Amino acid sequence: MKRLVKVLSVLAVTIMACSPVAAQVTKQQQELRSEVETKTGKKVRLFHSGTQDVKKVICVGDVIPVYREVYAYGAIKKTEVGRIRVLSYLGEHYLEAEIVEGKIRRGDVAAKESAACLVHPAPDED
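A short tour of the structure in this document, coming up. (Residues numbered from 1 in each chain as written. Predicted model: local features only at pLDDT ≥ 70, side-chain atom pairs only at ≥ 80, totals over all residues. Heavy atoms only, no water.)

1. Let's talk about the pattern of salt bridges
Link 1 in the chain: Taken as a whole and assessed by the stated rule, the structure comprises three salt bridges.
Link 2 in the chain: Residues Asp 108 and Arg 68 are paired through a salt bridge, measuring 3.0 Å at the closest nitrogen-oxygen approach. You can see Asp 108 sitting in the loop between β6 (104-105) and β7 (109-112) and its partner Arg 68 sitting in strand β3 (residues 63-72), a full 40 residues away along the chain.
Link 3 in the chain: Arg 68 sits in the buried class, given a relative accessible area of 17%.
Link 4 in the chain: The shortest N-O distance in the salt bridge between Glu 80 and Arg 83 comes to 3.7 Å.
Link 5 in the chain: By relative accessible area, Arg 83 is classed as partly exposed at 28%. (Salt bridge = Lys/Arg side-chain N within 4 Å of Asp/Glu carboxyl O. Helix = DSSP H or I, 4+ residues; strand = E, 2+ residues; numbered from the N terminus. Buried < 20%, exposed > 50% of the residue type's maximum accessible area, 1.4 Å probe, protein only.)

Next up, the structure:
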């Protein structure tokens, strides 16, 4: 009987120690997972290479399609998920833009002709 109690208590402690602990998912963790979608009217930042080619192709006021690339069945599928309007240049490597339509996530690609930009959410303006 004592042996059974010892085995069961060791088993119970092992199960408790090995079980995953449910953690609260913070806003920052959600953003890191790229699952946060930004909706119409919100501002985003577009990262680009900073070359003159990008600055020639993408101008302030342009409305640019945004694509999401998904790996499926051994191929990369490119789907249009929305459109953004370029508002201004921010330094050498960023553009500020506003979402005109669609639901856009971090990591989506805004592309016009030969230029492409990576979408990032704009910092919170509190």
